[in-house]
Structure formats: structure tokens, C-alpha cells
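Now for the letters of each chain:
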Amino acid sequence: NSTREINRYLKNCGFLENSVSAKTTTRKRKVKVKYEITEGTPWRLGEISYVFGDKSLQSLVMADSANSLLHTGELFNIAMLDAERKRITELLQNQGYYAFTINNISFLADSLNKANTVNIRTIIRQNQLGYDQNGYPVREMNRIYRIRNIEVNMDFDPTLAMTDVNYESNLDTSVFNGVKFLTTGSFNVRPDVFLKAINIYPGEIYDAEQVKKAYDNLMRLNYFKTAVFTFRDVTDSIDNQPGRGEIDFKINCTPRLKQ
């Protein structure tokens with residue numbers, strides 16, 4: 001098993017023609033293992049190219065291609081390919097593509113043109129909705145999502161939420177700058193302070209990085225024990241425009257115990 005793992009690791013690091021063997025010697029009740037490794041000639045990246053199944057993403061991805069983690073001449077490395085998928089996914093999610101995932105990105109490796117060189121083609125597909133009755137994938141353009149509604153429960157009690165079907169309807173409701181707030185009474189954190197912390201408002205384009213900052217800022221207030229962010233795709237409730245979508249954003253905040 002260790003021999004196979006070493007072999008696989010070296011292949012992932014660009015040494016595709018490596019060989020690994022293990023020899024054992026026994027003395028009394030002890031076994032000594034010696035691994036012999038021949039790395040072979042390393043394989044390096046050749047031409048880096050892109051194929052866009054969704055043409056709407058081409059300008060965004062290519063404008064940021066200078067930040068690509070793949071460079072001609074570097075070792076062919078599987079971990080770096082995975083990191084590049086993650087980088088492109090985060091880039092698009094920060095530009096409104098809420099539903100885009102790393103599964104929309106794949107790589108085609110071509111090692112036939114030049115010895116010890118792997119040409120990489122990055123394939124960025126359309127969003128897959130499912131399969132038709134014949135088993136063929138159904139795809140559409142990846143959508144840019146805007147936030148439709150934001151709802152904040154500032155006194156969220158998870159126990160009551162699970163046991164009382166009328167839990168939310170019994171809360172006080174108020175609206176501040178287009179954001180709906182639910183409370184059990186007066187505000188413990190002023191709405192303007194809360195909104196300044198999250199800095200997200202209805203009508204804005206979804207930005208995954210800003211959502212992460214919003215969570216961090218809420219925790220820095222040191223008033224809430226937890227803050228749970230949930231998003232719900234409500235695109236079907238509006239005029240279905242190609243390439244456009246909407247989501248509702250809900251924040252359930254549980255306050256810390258007061259001293």
C-alpha cells in the first residue's frame with residue numbers, strides 16, 4: 001500500500017514515469033523495509049488554453065488569467081490543477097455567479113505532442129440542471145444572481161424554531177433600509193450598526209467574498225454567539241431572464257448570554 005501511495009504521489013507531482021519498489025529484511029522479530037524510488041524525467045506544463053462552453057464567462061476569466069496558477073514550464077501537478085479550479089470558482093462567485101461550482105470546471109491533458117510535456121486545456125461548462133428523459137445532460141447559461149430580500153432574526157432561538165410552528169409569526173417585525181428585522185422586543189443591536197457590519201443590501205449582486213466578510217464582522221461585534229447564513233434561489237418566482245437569477249438571504253443570529 002505504501003508503495004502504491006508513493007507512486008501515486010510522485011505522479012501527481014509530475015513524475016509520471018516513476019518506479020517504486022520495496023525490499024524487506026528480517027532479523028529476529030524485526031522487519032526492516034527499504035524503499036527504492038526512481039523518479040524518472042519530470043513532466044512539465046506546455047501550452048495552457050481555455051474552452052468556454054458558456055461564452056458569457058469568457059471575458060471575466062480571461063481578464064483575470066494573469067493570476068492563473070498554471071504556467072508553461074512548471075511541473076505538472078494535480079494539486080495545482082485543483083487549486084486553479086478553486087481560484088476560478090471563487091472569482092466567478094465573487095462576481096455574482098452564486099450557483100457556479102468547481103464541478104463546472106474540468107481539465108483535458110494532452111501529452112502526445114511533445115515528450116515529457118503536458119498541454120492543459122481548461123474547460124468551463126454551462127450550468128447543468130439535470131438530465132432529460134434520454135439521459136442527456138440539460139445545461140443553461142450560468143446566472144448572475146442578485147439578492148432580492150434580506151431577513152434578519154436577531155434573537156434566533158433554535159429550540160423554539162424547531163418546536164413551535166408559530167415561532168416566527170410571534171416575533172416583532174420592522175423594516176430598516178429595505179431589510180426585514182425580526183426581534184422578540186426592542187433592538188439589542190441597532191439596525192444601522194448591524195447593516196454597517198454586513199454591508200449587504202437588497203438589489204446587490206451576490207458576492208461570496210462580501211458574504212464571508214459579513215460573517216466575520218458580525219462575530220467581531222462580540223454580541224452574537226452564532227450567525228447562520230442561508231440563501232434560497234427564487235429565480236422561478238420572477239420573469240425568467242437568460243443569465244439572470246435572484247436569491248433571498250436570511251440571517252439567524254443567536255445572542256450570547258447576557259452577564
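These numbers were taken from a predicted model, which means no experiment stands behind them.

Caption draft 1: Highlighting the overall build of the chain. Helix and strand counts for the chain stand at 6 helices and 12 strands. Against the 2.2 N^0.38 benchmark of 18 Å for 259 residues, the chain shows a C-alpha radius of gyration of 26 Å, more extended than a compact globule. Here the chain holds 259 residues, and 34% of them are scored as buried. Once local pairs closer than 6 in sequence are excluded, the contacts in the chain between residues at least 24 apart make up 56%. If you sum the accessible surface of the chain, you get close to 16,100 Å²; carbon and sulfur atoms cover 49% of it. Positive and negative charge centroids in the chain, built from 34 and 30 side chains respectively, lie 12 Å apart.

Caption draft 2: Local environment of the side chain of Ser-68. Along the chain, Ser-68 turns up in the loop between helix H2 (58–63) and helix H3 (78–93). Within the structure, Ser-68 has its side chain in polar contact with the backbone nitrogen of Leu-70 (distance 3.1 Å). Within the local environment of Ser-68, its side chain forms a polar contact with the side chain of Glu-84, the two groups lying 3.2 Å apart. Contacts of Ser-68, omitting those with residues within four sequence positions, involve Tyr-50, Glu-84 and Arg-87.

Caption draft 3: The pattern of salt bridges, seen in detail. Following the criterion strictly, the structure yields 12 salt bridges and no others. For Arg-87, the salt bridge identified is with Asp-64, shortest N-O distance 2.5 Å. Taken as a pair, Arg-87 in helix H3 and Asp-64 in the loop between H2 and H3 lie far apart in primary sequence, 23 residues in all. Given the relative accessible area of 15%, Arg-87 is considered buried. When the shortest N-O distance is used, the salt bridge between Arg-143 and Glu-140 registers 3.1 Å. For the pair Arg-143 and Glu-140, one class covers both residues: buried. Three or more residues joined by partner-sharing salt bridges are found here, namely Glu-151, Glu-168, Lys-180 and Lys-250.

Caption draft 4: Quick look at helix H5 (residues 191–198). Burial in H5 covers these residues: Pro-191, Phe-194, Leu-195, Ala-197 and Ile-198. In a view along the axis of H5, the buried residues occupy a sector of 155 degrees, so they form one face of it. Buried residues in H5 make contact with strand S8 (144–153), strand S9 (172–176), strand S10 (179–183), helix H6 (208–220), strand S11 (224–233) and strand S12 (244–255). Among the residues trailing H5, Asn-199 stands out with phi positive, at a value near 55 degrees.

Caption draft 5: Inspection of the sheet that holds strand S4 (residues 105–110) at higher detail. With respect to topology, 3 strands assemble into an open sheet ordered S3-S5-S4, the strand pairing being mixed. In the strand order of this sheet, the two ends are held by strand S3 (44–52) and S4, each with one partner. Across the sheet, the axes of successive neighbouring strands diverge by a mean angle of 25 degrees, strand direction being ignored. The pairing of S3 with strand S5 (residues 117–124) spans 7 bridges and is parallel. Along S5, the bridge assignment pairs Arg-44 with Thr-117.

Analysis parameters
Residues numbered from 1 in each chain as written. Predicted model: local features only at pLDDT ≥ 70, side-chain atom pairs only at ≥ 80, totals over all residues. Heavy atoms only, no water. Helix = DSSP H or I, 4+ residues; strand = E, 2+ residues; numbered from the N terminus. Rg over C-alpha atoms; globule rule 2.2 N^0.38 Å. Buried < 20%, exposed > 50% of the residue type's maximum accessible area, 1.4 Å probe, protein only. Contact = heavy atoms within 4.5 Å. Areas by Shrake-Rupley, 256 points an atom, 1.4 Å probe, with all protein chains shown as cover. Lys, Arg positive; Asp, Glu negative; His and termini not counted. Charge placed at Lys NZ, Arg CZ, Asp CG, Glu CD. Polar contact = N/O pair within 3.5 Å; in protein donor to acceptor, adjacent residues only side chain to side chain. Salt bridge = Lys/Arg side-chain N within 4 Å of Asp/Glu carboxyl O. Arc of directions from axis to C-beta. Pairing = 2+ DSSP bridges. Axes fitted to C-alpha atoms, helices over the stretch in contact; angles between N-to-C directions.

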